[in-house]
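Chain and residue survey
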Amino acid sequence: MPIVVVFLIFVVCLVIAIPVSISLGIVSVLPGAFDPSFTASAQFVIRSMFGGIDSFPLLAVPMFVLSGIVMAKGGISKKLFDVFAYFLGKRTAGMPCAVIITCLFYGAISGSGPATVAAVGSMTIPILMELGYDKKFVTAVVAVAGGLGVIIPPSIPFIMYGMAAGESVSDLFIAGIIPGLLIGGLLMIYAIYYCKKYGEDKEKIAEEIGKLHAKGFLKVLKESFFALLSPVIILGCIYLGIASPTEAAVISVFYALIISLFIYRTIQVKDIWGIIVESTRTYAPLLFILAASIAFSRVLTLMQVPQAVSEWILTHFSNPIVILIVINIFLLIVGMVMDTTPAILILSPILLPIVTEIGMDPIHFGVMMVVNLAIGFVTPPIGVNLFVASSLTEIPIMEIAKKAFPMIVFFLIALLLITFVPGISLVLL
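What comes next is a walk through the structure. Everything quoted here is computed from the prediction, not taken from an experiment. (Residues numbered from 1 in each chain as written. Predicted model: local features only at pLDDT ≥ 70, side-chain atom pairs only at ≥ 80, totals over all residues. Heavy atoms only, no water.)

**What to know about the side chain of Ser224**
Relative to the elements of secondary structure, Ser224 occurs in helix α13 (residues 217-239). Engagement of the side chain of Ser224 in a polar contact is seen with the backbone oxygen of Lys79, the distance being 2.8 Å. Within the local environment of Ser224, its side chain forms a polar contact with the backbone oxygen of Val220, the two atoms lying 2.9 Å apart. Apart from the residues lying within four places of it in its own chain, the contact partners of Ser224 are Lys79, Val83 and Tyr264. (Helix = DSSP H or I, 4+ residues; strand = E, 2+ residues; numbered from the N terminus. Polar contact = N/O pair within 3.5 Å; in protein donor to acceptor, adjacent residues only side chain to side chain. Contact = heavy atoms within 4.5 Å.)

**Quick look at the environment of Met95**
Inspection of the secondary structure assignment puts Met95 in helix α6 (residues 94-110). Sequence-wise, Met95 and Val388 are 293 residues apart; in three dimensions their C-alpha atoms are separated by 21 Å. Among all residues touching Met95, those that are not within four sequence positions of it are Phe81, Ala85, Gly89, Leu128, Leu131, Tyr133, Ile205 and Ile209.

**A short note on the pattern of salt bridges**
Enumeration according to the criterion identifies seven salt bridges in this entry. We note a salt bridge from Lys403 to Asp134, for which the minimum N-O separation is 3.9 Å. On the criterion of sequence distance, the pair formed by Lys403 in helix α21 (residues 397-420) and Asp134 in the loop between α7 (113-130) and α8 (135-145) is long-range, its members being 269 residues apart. Judged by its relative accessible area of 26%, Lys403 is partly exposed. For Lys402, the salt bridge identified is with Glu399, shortest N-O distance 3.9 Å. With Lys402 and Glu399 both in helix α21, this residue pair falls three residues apart, about one helical turn. Taking the relative accessible area as the measure of exposure, Glu399 reaches 26% and is therefore partly exposed. (Salt bridge = Lys/Arg side-chain N within 4 Å of Asp/Glu carboxyl O. Buried < 20%, exposed > 50% of the residue type's maximum accessible area, 1.4 Å probe, protein only.)

**Some details on unusual backbone geometry**
Residue Pro154 is reached from Pro153 by a cis peptide bond, and omega for that bond is -5 degrees. Inspection of the secondary structure assignment puts Pro154 in the loop between α8 and α9 (156-165). In this structure, Ala93 is a non-glycine residue whose phi angle is positive, near 60 degrees. Mapping Ala93 onto the fold places it in the loop between α5 (76-88) and α6. Using a relative accessible area of 0% as the deciding quantity, one classes Ala93 as buried.

**Details of helix α4 (residues 60-73)**
For α4, spanning 14 residues, the distance from its first C-alpha to its last is 20 Å, which sits close to the expected 20 Å at 1.5 Å a residue. Judged by how many residues are buried, α4 sits mostly within the fold: 11 of 14 residues are covered. Those residues of α4 not exposed but buried are Ala60, Val61, Pro62, Phe64, Val65, Leu66, Ser67, Gly68, Ile69, Val70 and Met71. Gly75 sits one or two residues past α4 and shows a positive phi near 70 degrees. (Expected span 1.5 Å × (residues − 1).)

**Comments concerning helix α11 (residues 177-198)**
Its 22 residues give α11 an end-to-end C-alpha distance of 32 Å, which sits within 8% of 32 Å, the value for a rise of 1.5 Å per residue. Residues of α11 that are buried include every one of Pro179, Gly180, Ile183, Gly184, Leu186, Leu187, Met188, Tyr190, Ala191, Tyr194 and Cys195, and no others. Positive phi shows up at Gly199, right after α11, with a value of about 80 degrees.

In short, the description is geometric, and any link to function would need to be established separately.
Written out as structure tokens, the structure reads:
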């Protein structure tokens, strides 16, 4: 069966709203069904699905999902926001900037963009609306800044890429630090520009920040200390060689439970079962997509799709700069219509040979790919962060997307810098 037909069937399945995991399963089985001599029979596809998810690094994903939900229920995001608002609140755009930094820190806990939007947005959007900020602007800030959750380590997409490309997850985590900070900085620059242009209610902000200052720095720090310490413990365990990313994910779950149960006392023992159920419901659909994506990527390999695509691109484009621009445009389009996990697992084996041929480091490419797909979190029609933000505020998705567009432009500027300045990703390695 021609590969073009396989991809057309996959697109049709998505258009008629067949779930991604089932669509991937269908197109994985079809080549073997139509050609009995083809290696990838139905049995091969099923074995690939089960074998692909039998992975120790993959265990980090459900653990980070569980940890993120525990910390969301435990009000960790509120503790983080308070300490950043204490220092930045009185400055121009101080409160939106505090939201962006909170997303950075929460991303360093949960590893997930949508989880960051849900946890930070549910707490900060009402506060900023009370302070007089435009509801659409605040919602857009949270939706876009939530994309930092997959760039700042630990990052679930980095784990997926590491598994698909055979690269070190720890190195990918390190490589994501400066790009994440760069994007966060650019988003804060836009927030300052926006607030200078449209103004802020300084009286309301001063009153709110006055309440925090009335507590005193030591009390605010004391209340936020264990929340601030969480990413330090998680990442410190990885970078100091104390634990692998998977083991650090498990540590993060126990740490989240301990501080939420015994220090902040924001959840009770009876709440744990509900948290486990919620995390299972969050991860189970992802697991099916993972299994089907792995099987599909192996079928594509047997059909020699990576070699064919690589040969076509390298034949038609010889300039490395043009090749990288073409790949970026392709990934941006993919990010608009496909979820991050299947996109990484399917496209990594196809695109990696191309970029290595032009001398690009696989770790650098992994960062570039994840940043591209992070932009997809806030671009219709499949922008997951937009859906989460819309559910929090009941603002139509397209309205949020319009307000987010200038911030997406800053995200794209960061993407170009990350693509063509390898040192941004590799300097810490």
